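Take a look at the letters that make up each chain.
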Amino acid sequence: MAEDTKPAEKEKMTIVVFSGELDKAIAAFILATTGASMGMEVSMFFTFWGLNILKKNEGAAGGKGLMGKMLNIMNRGGTKRLKLSKFHMFGLGTGMMKQFMKENKLPSIDEFIQMAKDLGVKMIPCSTSCGIMGLQEGAFREEVGSLAGAAYFLNEARQSKVSLFI
Amino acid sequence: MAEDTKPAEKEKMTIVVFSGELDKAIAAFILATTGASMGMEVSMFFTFWGLNILKKNEGAAGGKGLMGKMLNIMNRGGTKRLKLSKFHMFGLGTGMMKQFMKENKLPSIDEFIQMAKDLGVKMIPCSTSCGIMGLQEGAFREEVGSLAGAAYFLNEARQSKVSLFI
Amino acid sequence: MAEDTKPAEKEKMTIVVFSGELDKAIAAFILATTGASMGMEVSMFFTFWGLNILKKNEGAAGGKGLMGKMLNIMNRGGTKRLKLSKFHMFGLGTGMMKQFMKENKLPSIDEFIQMAKDLGVKMIPCSTSCGIMGLQEGAFREEVGSLAGAAYFLNEARQSKVSLFI
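Keep in mind that what you see is a predicted model, and the values were worked out from it rather than measured. (Residues numbered from 1 in each chain as written. Chains lettered and ligands numbered in written order. Predicted model: local features only at pLDDT ≥ 70, side-chain atom pairs only at ≥ 80, totals over all residues. Heavy atoms only, no water.)

Focus: the overall build of chain A
Helices and strands together make up the secondary structure of chain A, namely eight helices and four strands. Going from N to C terminus, chain A has its helices and strands arranged as α-β-α-β-α-α-α-α-β-α-α-β. Here chain A holds 166 residues, and the buried ones make up 56% of them. (Helix = DSSP H or I, 4+ residues; strand = E, 2+ residues; numbered from the N terminus. Buried < 20%, exposed > 50% of the residue type's maximum accessible area, 1.4 Å probe, protein only.)

Here it is in structure tokens:
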């Protein structure tokens, strides 16, 4: 009886966001926000170049030590700097894609991050990747959760109905 | 008893095909047709550059509005225009790969699409991506199913034993 | 009763390693070795450019026939030749990433392969990809298992809690 009355557990979805390109970021957030709207419990785990999506648009480039600073100046990140994986064409193709998104009433990545946050999607930066990329927690925007490692991700993924690596 | 007599449900596999490169297309179709041959019910969900794989080889480039037309002239698509993600080398590497596929008696992408269709693999273009890429339903070859959105994909994926993002 | 005494089956994880870039290889091995450390039974299935990770660093380039030899000279492979998918910058970015890995006490790819082997991770080259890339079994390092096809992978994947395509 007690079992019948406890709330049903939500189905989970877990997405590794490895890539930092605009098109892959759009795909990841469409899936995450759609899943959350369908009632799934969604975790996004950002690793490597995917961390760029979560970096603050303003302020210093971040990065620990001289090499961390250098890497994060070259690899500045932030939603406004994401490029297409193909046809970037010095900004022409990327600008066109953004225009198409607007015409199709699709949110921008900034709006997607806010929407994901509002829908309860967890956005977790991978702690090991932060180490490799010379990044500290302060580099990320406020919607972002605490850092966690690969074991955290795998523990979520093994309980998930859907796990994707993007 | 009634339960015992109903046919066992097939195990499902769902593949997101995001990439439009020849090598990733080959990998996706090898997995899809192998899964279907093993008795799995396979759905392929084509998004972004993956839509190029399903575009007609002949006829107009398609695309809605001036920008849609421009984008689809640059990003022409069709199985004959797919390139390797590495070592395309102005067609030399891509041609070599196709030669190797022939020598190893592997189907071409055109043959893979036909084989997938014959094995009952569903090939679904993502409706949101079609909007972003300025594409209309008529742009695709006849083997292709109706457009569907991310919610359709996630509903398939959550019932699947295997879900992959390629 | 008999059922109670048989050892519990391990949860499985299966990873397709399609990409041959240093950053994706690191991500794949972090996940594989973390999963194995958590008690999962992990299979890595190497296809296409991912095969480069498993090639011997020394000796002949391998490759069957004239075209196989040519392809494998251009596409030499081996852990020492892996590059970043972004910011390779004639070796500067790749060297920096390796430096960061060392500073963060992360294993090198050679060490990761050894660690994976020690943890019982199966590293399987895809037989079809070997055909397409003109590769023979002798091209791979000794930690690597026997070749297997897509049906082998799908059979592992359908039993797995987590399947990823990297």
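Things to note about the sheet that holds strand β3 (residues 122-125) of chain A
All names here are of chain A. Taking strand neighbours across the sheet as the criterion, the four strands line up as β3-β2-β1-β4 in an open arrangement whose pairing is parallel. Every interior strand has two partners, whereas the edge strands, β3 and β4 (162-165), have only one. This sheet shows a mean twist of 15 degrees between the axes of neighbouring strands, independent of strand direction. Two strands pair when backbone bridges link them, and strand β2 (residues 41-46) and β3 are joined in this way by four bridges, in the parallel orientation. When the bridges of β3 are listed, Met 44 appears paired with Met 123. (Pairing = 2+ DSSP bridges. Axes fitted to C-alpha atoms, helices over the stretch in contact; angles between N-to-C directions.)

Some words on the relation of the copies chain C and chain B
In the superposition of chain C on chain B (RMSD 0.0 Å, axial shift 0.0 Å), the rotation amounts to 120 degrees. Here the copies are linked by what is in effect a three-fold axis. When the interface residues of chain C are mapped onto chain B, a mere 11% of them again lie at the interface, so each copy presents a different face. (Least-squares fit on C-alpha atoms with pLDDT ≥ 70 in both. Contact = heavy atoms within 4.5 Å.)

Observations concerning the interface of chain A and chain B
Across the boundary between the two partners, chain A contributes 30 residues, which contact 27 residues of chain B. When chain A packs against chain B, close to 2500 Å² is buried across both sides, 80% of that on carbon and sulfur atoms. Linking chain A to chain B there are one salt bridge. Put simply, Glu 11 of chain A and Arg 158 of chain B hold a salt bridge, and the shortest N to O gap is 2.6 Å. Summed over the shared surface of chain A and chain B, the number is two residue pairs in polar contact (both at pLDDT 80 or more). At the level of elements, α2 (22-37), α5 (92-103) and β4 of chain A are the ones that each hand at least two residues to the side of chain A that touches chain B. The element best represented in the side of chain A that touches chain B is α2 of chain A, accounting for eight residues. Here the side of chain A that touches chain B is built from residues that sort into 19 nonpolar, six polar and five charged. (Buried area = accessible area lost by both parts, 1.4 Å probe. Salt bridge = Lys/Arg side-chain N within 4 Å of Asp/Glu carboxyl O. Polar contact = N/O pair within 3.5 Å; in protein donor to acceptor, adjacent residues only side chain to side chain. Nonpolar A, V, L, I, M, F, W, Y, C, P; charged D, E, K, R; others polar.)

Remarks on the pairing of strand β1 (residues 12-17) of chain C
Residues and elements named next belong to chain C. Summarising burial for β1: six of the six residues are buried, a large majority. Here β1 shows no split at all, with Lys 12, Thr 14 and Val 16 on one side and Met 13, Ile 15 and Val 17 on the other all buried. Strand direction decides the pairing type here: β1 and strand β2 (residues 41-46), joined by six bridges, are parallel. Paired with Thr 14 across the bridge in β2 is Ser 43. Following the chain from β1 across helix α2 (residues 22-37) to the adjacent parallel β2, one finds a crossover that is right-handed. Alignment of β1 against strand β4 (residues 162-165), held across four bridges, turns out to be parallel. Bridge pairing links Ile 15 to Leu 164 in β4. (Right-handed = clockwise from strand over helix to strand, strands pointing away.)

Thoughts on the environment of Ser 163 of chain C
Relative to the helices and strands, Ser 163 of chain C is located in strand β4. In contact with Ser 163 of chain C, not counting residues within four places along its chain, are Ser 163 of chain A, Val 162, Ser 163 and Leu 164 of chain B together with Thr 14 and Ala 157 of chain C. At 3.5 Å, the side chain of Ser 163 of chain C forms a polar contact with the backbone oxygen of Ala 157 of chain C.

Points about the packing of aromatic side chains
For the structure on display, the rule yields 15 aromatic pairs over all chains. Put simply, the rings of Phe 18, Phe 48 and Phe 165 of chain A pair up and form one aromatic cluster. (Phe/Tyr/Trp six-rings, centres within 6.5 Å; stacked < 30°, edge-to-face > 60°.)

Things to note about the interface of chain C and chain B
Taken together, the contact pairs 27 residues of chain C with 30 residues of chain B. Together chain C and chain B conceal approximately 2500 Å² of surface at their shared face, both sides included; 80% is due to carbon and sulfur atoms. In this assembly, chain C and chain B are joined by one salt bridge. Run the count over chain C and chain B and you get two residue pairs in polar contact (both at pLDDT 80 or more). With seven residues, the top contributor of residues to the side of chain C that touches chain B is helix α8 (residues 150-158) of chain C. Across the side of chain C that touches chain B, the residue classes break down as 16 nonpolar, nine polar and two charged.

Some points on the pattern of salt bridges
Between side chains of opposite charge, pairing is possible as soon as their charged atoms come close. All names here are of chain A. Under the definition given, this model contains 15 salt bridges over all chains. Where Glu 143 meets Arg 141, a salt bridge forms, and the shortest distance between an N and an O atom there is 3.1 Å. Overall, the relative accessible area of 15% leaves Arg 141 in the buried class.

Examining the confidence of the model for chain A
A low pLDDT means the predicted coordinates there should not be read in detail. Scored by pLDDT, chain A has a mean of 85; 84% of the residues are at 70 or more. We note a pTM of 0.88 for the whole complex and an ipTM of 0.85 for its interfaces. (pLDDT = per-residue confidence, 0-100.)

Thoughts on the environment of Ile 113 of chain A
Residues and elements named next belong to chain A. Mapped onto the elements of the fold, Ile 113 is located in helix α6 (residues 109-118). The class for Ile 113 is buried, based on a relative accessible area of 0%. As a C-alpha pair, Ile 113 and Glu 143 span 30 residues in sequence and 7.4 Å in three-dimensional space.

Overview of the sheet that holds strand β3 (residues 122-125) of chain C
All names here are of chain C. Strand order across the open sheet formed by four strands is β3-β2-β1-β4, with parallel pairing between neighbours. Of all the strands in the sheet, the pair left with one neighbour each is β3 and β4. Taken over all neighbouring pairs, the strand axes of this sheet differ in orientation by 15 degrees on average, direction set aside.

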